[in-house]
Amino acid sequence: MFDRALYDRFDKPFDRLGTESLKWDARKDFGNADAIPMWVADMDFATVPEVIEGLTRRAAHGAFGYNISNPRDRQALINWMARRHALGITTDDIMFCPGVVDAIYHCLKALFPSGGKVIVQSPVYGPFYSMVEKAGMELIENPLKRVENVWRMDFEGLEAILKAGADALLMCSPHNPVGRIWTEDELKTVTGLCARYNARIICDEIHADFEMPGFKHRCILSFPEAQNAVQLVSATKTFNLAALRHSAIICKDADVRKKISARLGEVMADVNLYGMLATRLAYENGDNWLDTLLVYLSENRDVFEKALRETGRLLPAHVEGTYLMWVDCGQLGLKGDELNSFFIKTAGVIPNSGSFFGKSSDSFIRLNIATQRSNILAAADRITSAIKAL
Ligand SMILES: Cc1ncc(COP(=O)(O)O)c(C=O)c1O
């Protein structure tokens, strides 16, 4: 439920300087210490009040010896998945892991110990490429297609690759960086194809809770043909807890789970007390906080998308899920380092460069809109003025 007091809190200036914030405290490394940082995917908002209280109370206890999981940890996730995503899971289906990127790597290693072929749909979050490579697997790209500035999966391309033989599809759902929430029909098609050609789906759903008004995320495990898929989730994006390093691997297939949990045991992928506690408290108490955040973020999106379009030279994709805007800068006539430098040094806004997401994306940038409206407006002004002066 929307909460006015929380909304006002999101909107209030919030100083992250001097908190070892990668986004804010590393600005000088980009060569412009006054730039507005709109790159790494975390948010400029304090997390759920009950999480802050709970962590503070636990810290005051003072002893931080080895920890065990509380049954409430799994129950909180089960309840969240049922309440927010209508997905039924049980305690047995859940394994914990430090981060989602770690989870991708460990799942690949556990399920394909002697290698194999993994499909990724580019442009996509950079570590998808590096984790496949580090796991000793062959990466096959099935690039997304853009139709009237809406990014779509290329099902013909996917089927051709599957037919030729692929072991797994590493999916991003919702998709970072293009901001799509895949529709039920799209997910039905993809799960049907993977089932037909016997390819395992590993689905990174770290952005699942960011549903902009009018869009509904569907978990991969809610599809009958993907019951042996692996679904990766985390409260760290949703509630701004990335530094606490905690995620969950959800898997309904006992054989698959056995392999993954053996792998996690081998590498002692123990989870952090604070990550676990914060996640539980966020899932138990964070509904109104998230509902309110989604209103705030969707307003940011509308204001920022309009301002970027009005430059006449930038083409942002409409953000359906995530808080990340994928922007086609082709009309600026700049690419790669030149494009980055234009945004950072000339405009005073730090983006993620498109090449982080794929080799054909160097005329794109990704901008993070999870910040105060005042920063969104200032960034829009800076970008507009810099483009006018080009
Ligand atoms: C799709 C996706 N997966 C994983 C991550 C990172 O997850 P973690 O910090 O839990 O490794 C991100 C962060 O931006 C992301 O966008």
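Residues numbered from 1 in each chain as written. Predicted model: local features only at pLDDT ≥ 70, side-chain atom pairs only at ≥ 80, totals over all residues. Heavy atoms only, no water.

Visitor: What am I meant to see in the sheet that holds strand β2 (residues 94-97) here?
Guide: Read across the sheet, 7 strands follow the order β2-β10-β9-β8-β7-β3-β4 without closing on themselves; strand pairing throughout is mixed. Each edge of the open sheet is held by one strand with a lone partner, namely β2 and β4 (138-141). Averaged over neighbouring strand pairs, the angle between their axes works out to 25° when direction is ignored. In this sheet, strand β7 (residues 168-172) lies alongside strand β3 (residues 117-120) in parallel orientation, the contact comprising 3 bridges. Bridge assignment links Val118 to a residue of β7, and that residue is Ala168. Across the sheet, helix α10 (residues 254-266) is in contact with β2, β8 (200-204), β9 (230-233) and β10 (247-251); its angle to β2 comes to roughly 25°. (Pairing = 2+ DSSP bridges. Helix = DSSP H or I, 4+ residues; strand = E, 2+ residues; numbered from the N terminus. Axes fitted to C-alpha atoms, helices over the stretch in contact; angles between N-to-C directions. Contact = heavy atoms within 4.5 Å.)

Visitor: For this particular structure, what's the right way to read the packing of aromatic side chains?
Guide: Two descriptors summarise a pair of aromatic rings, namely the distance from one centre to the other and the angle between the planes of the rings. Per the counting criterion, the structure on display carries 20 aromatic pairs. Taking the centre distance of 5.2 Å and the plane angle of 70° together, the rings of Tyr7 and Tyr296 count as edge-to-face. Pair noted here: Tyr7 is in helix α1 (residues 4-11) and Tyr296 is in helix α12 (residues 287-310), with a separation of 289 residues, a long-range link. You can call Tyr7 buried: its relative accessible area is 11%. Residues Phe342 and Phe343 carry aromatic rings whose centres are separated by 5.3 Å and whose planes lie at 85° to one another, so their mutual orientation is edge-to-face. The same class applies to Phe342 as to Phe343, namely buried. Within the aromatic cluster, the residues linked to one another by ring pairs are Phe2, Tyr7, Phe10, Phe45, Trp80, Phe239, Tyr283, Trp289 and Tyr296. Positioned over the ring face of Tyr296 is Arg373, at 4.4 Å from the centre of the ring. (Phe/Tyr/Trp six-rings, centres within 6.5 Å; stacked < 30°, edge-to-face > 60°. Buried < 20%, exposed > 50% of the residue type's maximum accessible area, 1.4 Å probe, protein only. Lys NZ or Arg CZ within 6 Å of the ring centre and 35° of its normal.)

Visitor: Teacher, can you tell me more about the site of the ligand here?
Guide: Near the ligand the following residues occur: Ala41, Gly99, Val100, Val101, Tyr125, Cys172, Asn176, Asp204, Ile206, His207, Lys237 and Arg245. A distance of 3.0 Å is found between an oxygen atom of the ligand and a side-chain nitrogen or oxygen belonging to Lys237. Take Arg245: an N or O atom from its side chain is 3.4 Å from an oxygen atom of the ligand. The residue makeup of the shell around the ligand, split by class, is 6 nonpolar, 3 polar and 3 charged. (Near = heavy atom within 4 Å. Polar contact = N/O pair within 3.5 Å; in protein donor to acceptor, adjacent residues only side chain to side chain. Nonpolar A, V, L, I, M, F, W, Y, C, P; charged D, E, K, R; others polar.)

Visitor: Sorry if this is basic, but what is going on with the sheet that holds strand β12 (residues 324-328) here?
Guide: Within the open sheet, the 4 strands sit side by side as β11-β12-β15-β14. Their pairing is antiparallel. Because the sheet does not close on itself, it has two edges, and the strands there are β11 (315-316) and β14 (352-353).

Visitor: Please explain the domain arrangement of the protein chain as it appears in this structure.
Guide: The extent of an interface is frequently quoted as the accessible surface area lost upon association of the parts. Structurally, the protein chain comprises domain 1 (4-49 + 287-388) and domain 2 (67-285). The interface is formed by 35 residues belonging to domain 1 together with 35 residues belonging to domain 2. Three residues stand out in domain 1 for area buried against domain 2, namely Asp287, Glu320 and Thr322, and they jointly supply 24% of the buried area on that side. Here domain 1 is connected to domain 2 by 6 salt bridges. Arg84 is the salt-bridge partner of Asp291, the closest N and O atoms lying 2.9 Å from each other. For the pair domain 1 and domain 2, the number of links is 18 residue pairs in polar contact (both at pLDDT 80 or more). For the side of domain 1 that touches domain 2, the elements supplying multiple residues, two or more each, are α12, β11, β12 and β15 (364-368). Looking at side-chain class alone, the side of domain 1 that touches domain 2 contains 19 nonpolar, 7 polar and 9 charged residues. (Domains from an automatic or database assignment. Buried area = accessible area lost by both parts, 1.4 Å probe. Salt bridge = Lys/Arg side-chain N within 4 Å of Asp/Glu carboxyl O.)

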